[in-house]
Amino acid sequence: MSITNSQYDAIMRVYEKRRIDNHHVEEEHRAAAYKAVPALAQLDRAVASLSVQTVRNSLSQKGDSSSIHSLLKEACGGIEPEKKRRQLLEAHGFAPDYLDPVYSCPVCRDTGRVGRKHCRCFEREVVSLFYTQSGLSRVLQKENFDTFDDSVYRDDLIDEKTRKSSKEIMTAACRTCRRFAEDYGKGAQKDYLLLSGPAGLGKTFLTHCIAKELIDKGHSVIYYSAGVLFDTLAKSRFGRSQEEDPDGFDDAYLSGCDLLIIDDLGTELTNSFVGSALFQLLNSRIVSGRGIVISTNLSPLEIGRIYSDRISSRIIENFTLIRAFGEDIRIRKRIGGRM
């Protein structure tokens, strides 16, 4: 689970806010308890005063901690101060732990660390951040491998090249995508995938399935439709000032995230900048061994004609190719809904 410095800082700000919020809750609890039970305030003041005296005595080597402990018990009627505090709270209708420190995660006490290791809650925060930064947080609740439905594909529509039905081809495509997600980063495969075929066959759905699997495993995933990606890159590289771009788009993060998903390649306005930016992006991620998933209506050869042969060469050499086949399932669903 690798994260950048800026991502780590963002998570630490979450923990800082959590500690501040919980401290406010503690203050509210204390104010309510002191108002209802004045003896609690007196008890805490006595304990605080004797604790200060303990520190002074230890520094001046006067007295000992056992005598101070006896004084604390004496001040509480012969019982431990904490036990006395809980008795007073319960006697006045409060939970016995009402004045205990408030933690969102009692394991790490809202620090994110347990010893030298990150707490499990820190790992959950990383995954949460990855969901947010992917831009897919909501859609992945509905579009994932568990909701893949092969019944939307026809088993009587046969592909002339493979002699297989649309249902068989798209079910196999789902299996390939699932295996890609399961084996991602393990060195058992090249982590590059191209889903090509006509619109409306569920290519975007399958990219979402992959994204959810990897994010849940703690991989950083960035999703862009091709049009938005190249428009953002162009604005970032040609004259957009920091004042015009307060979010500070980080071009380097496209090369650094664990998986980059480019959806609907070929639907953007294509020009020399787009071709150059796409090649640089593919090349930098392939060189660094960071994965890419691309969905497109274009075949690898069509990609070569539209962009450049060196781009199609990179794809053919490095990518697992999945060809979608069938009828537009969105139309089939609409028709089915009226029947």
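Residues numbered from 1 in each chain as written. Predicted model: local features only at pLDDT ≥ 70, side-chain atom pairs only at ≥ 80, totals over all residues. Heavy atoms only, no water.

Asker: I'm lost on the overall build of the chain in this one. Help?
Answerer: The secondary structure content of the chain amounts to 13 helices and 7 strands. A burial count over the chain gives 40% of its 339 residues as buried. Intrachain contacts of the chain at a sequence separation of at least 6 include 74% that bridge at least 24 residues. Carbon and sulfur atoms provide 50% of the accessible area of the chain, an area that totals close to 19,200 Å². (Helix = DSSP H or I, 4+ residues; strand = E, 2+ residues; numbered from the N terminus. Buried < 20%, exposed > 50% of the residue type's maximum accessible area, 1.4 Å probe, protein only. Contact = heavy atoms within 4.5 Å. Areas by Shrake-Rupley, 256 points an atom, 1.4 Å probe, with all protein chains shown as cover.)

Asker: I'm lost on the sheet that holds strand 4 (residues 221–225) in this one. Help?
Answerer: Neighbouring strands of a sheet are bound in pairs by backbone hydrogen bonds; such pairs are parallel or else antiparallel. Spatial strand order, 4-5-6-3-7: 5 strands in an open sheet with parallel pairing. The outermost strands of the open sheet, each flanked by one partner alone, are strand 4 and strand 7 (320–323). When strand polarity is set aside, the average angle formed by the axes of neighbouring strands in this sheet is 10°. Pairing of strand 3 (residues 192–196) with strand 7 involves 4 bridges; the strand directions are parallel. Paired with Leu195 across the bridge in strand 7 is Ile322. (Pairing = 2+ DSSP bridges. Axes fitted to C-alpha atoms, helices over the stretch in contact; angles between N-to-C directions.)

Asker: Teacher, can you tell me more about helix 10 (residues 272–288) here?
Answerer: One turn of an α-helix holds 3.6 residues; hence residues three or four places apart share an orientation. For helix 10, with 17 residues, the first-to-last C-alpha span of 24 Å sits near the 24 Å given by 1.5 Å per residue. Listed in full, the buried residues belonging to helix 10 are Phe273, Val274, Gly275, Ala277, Leu278, Phe279, Leu281, Leu282, Arg285 and Ile286. Where helix 10 begins, one side-chain oxygen reaches toward the backbone nitrogen of Phe273, 3.1 Å away; that side chain belongs to Asn271. Residue Gly289 follows helix 10 closely and has a positive phi angle near 75°. (Expected span 1.5 Å × (residues − 1). Polar contact = N/O pair within 3.5 Å; in protein donor to acceptor, adjacent residues only side chain to side chain.)

Asker: Help me out: how do you make sense of the packing of helix 8 (residues 226–237) against helix 10 in this one?
Answerer: The description of two helices packed together rests on the angle between their axes and the distance between the axes. Two elements in contact, helix 8 and helix 10, have axes separated by 11 Å at closest approach and are oriented at 95°. In terms of orientation, helix 8 and helix 10 fall into the roughly perpendicular class. Facing Leu229, Phe230, Leu233, Ala234 and Arg237 of helix 8, the residues of helix 10 in contact are Phe273, Val274, Ala277, Leu278, Gln280 and Leu281. Of the residues in the contact of helix 8 with helix 10, the class split is 9 nonpolar, 1 polar and 1 charged. (Parallel < 35°, antiparallel > 145°, perpendicular 65-115°, else oblique. Nonpolar A, V, L, I, M, F, W, Y, C, P; charged D, E, K, R; others polar.)

Asker: Got a minute to help me understand the nonpolar core in this structure?
Answerer: What tends to happen in soluble globular proteins is that the nonpolar side chains get buried as a cluster. Ranked by size, the top nonpolar core spans 45 residues in total, and within it Cys177, Leu193, Leu206, Ile210, Leu259 and Val293 carry the most contacts. Only helix 1 (5–36), helix 5 (120–134), helix 6 (166–183), strand 3, helix 7 (203–216), strand 4 and strand 5 (259–265) provide two or more residues apiece to this core. Ignoring any residue separated from it by four or fewer positions in sequence, one finds Cys177 in contact with Phe145, Leu193, Leu195, Leu206, Ile210 and Ile322. By size, the runner-up hydrophobic cluster in this structure holds 29 residues, among which are Phe273, Val274, Phe279 and Ile286. (Core = buried A, V, L, I, M, F, W, Y, C linked by side-chain atoms within 4.5 Å.)

Asker: Honestly, the pattern of salt bridges in this entry has me stumped. Any pointers?
Answerer: Using the criterion set out here, one finds 14 salt bridges in the structure. Glu82 is the salt-bridge partner of Arg85, the closest N and O atoms lying 2.5 Å from each other. Pair noted here: Arg85 and Glu82 are both in helix 4 (residues 81–91), with a separation of 3 residues, about one helical turn. Its relative accessible area of 14% is what places Arg85 among the buried residues. Owing to a relative accessible area of 35%, Glu82 belongs among the partly exposed residues under this scheme. For the salt bridge of Arg86 with Asp100, the shortest nitrogen-to-oxygen distance reads 2.8 Å. Here Arg86, found in helix 4, pairs with Asp100, found in the loop between helix 4 and strand 1 (113–114); they are 14 residues apart in sequence, far enough to count as distant. Arg86 gets classed as partly exposed once you look at its relative accessible area, which sits at 27%. Given a relative accessible area of 23%, Asp100 falls into the partly exposed group. One salt-bridge network, held together by shared partners, links Asp44, Glu82, Arg85, Arg86 and Asp100. (Salt bridge = Lys/Arg side-chain N within 4 Å of Asp/Glu carboxyl O.)

Asker: I tried to follow the pairing of strand 3 on my own but got confused; where do I start?
Answerer: Along a regular strand, successive side chains alternate from one face of the sheet to the other. For strand 3, the buried fraction is high: 5 of the 5 residues fall into the buried class. As judged from the 5 bridges shared by strand 3 and strand 6 (residues 291–296), these two strands associate in the parallel manner. Across the sheet, Ser196 pairs through a bridge with Thr296, a residue of strand 6.

Asker: Looking at this model, I keep getting lost on unusual backbone geometry. Mind explaining?
Answerer: Trans peptide bonds make up most of the peptide bonds, and negative phi angles are found at most residues other than glycine. Positive phi is not limited to glycine here, since Asp110 has a value of about 60°. On the secondary structure map, Asp110 appears in the loop between helix 4 and strand 1. Given a relative accessible area of 1%, Asp110 falls into the buried group. Phi at Arg163 takes a positive value of approximately 60°, unusual for a residue other than glycine.

Asker: Please explain the pairing of strand 5 as it appears in this structure.
Answerer: The buried fraction of strand 5 is high, at 6 of 7 residues. As paired strands, strand 4 and strand 5 are joined by 5 bridges and run parallel to one another. By the bridge assignment, Val221 is partnered in strand 5 with Leu259. In this sheet, strand 6 lies alongside strand 5 in parallel orientation, the contact comprising 5 bridges. Within strand 6, the residue paired with Leu259 across the bridge is Gly291. You can see the chain leave strand 5, run along helix 10 and come back into strand 6, and the turn it takes is right-handed. (Right-handed = clockwise from strand over helix to strand, strands pointing away.)

Interpretation in functional terms is not warranted from these geometric data alone.
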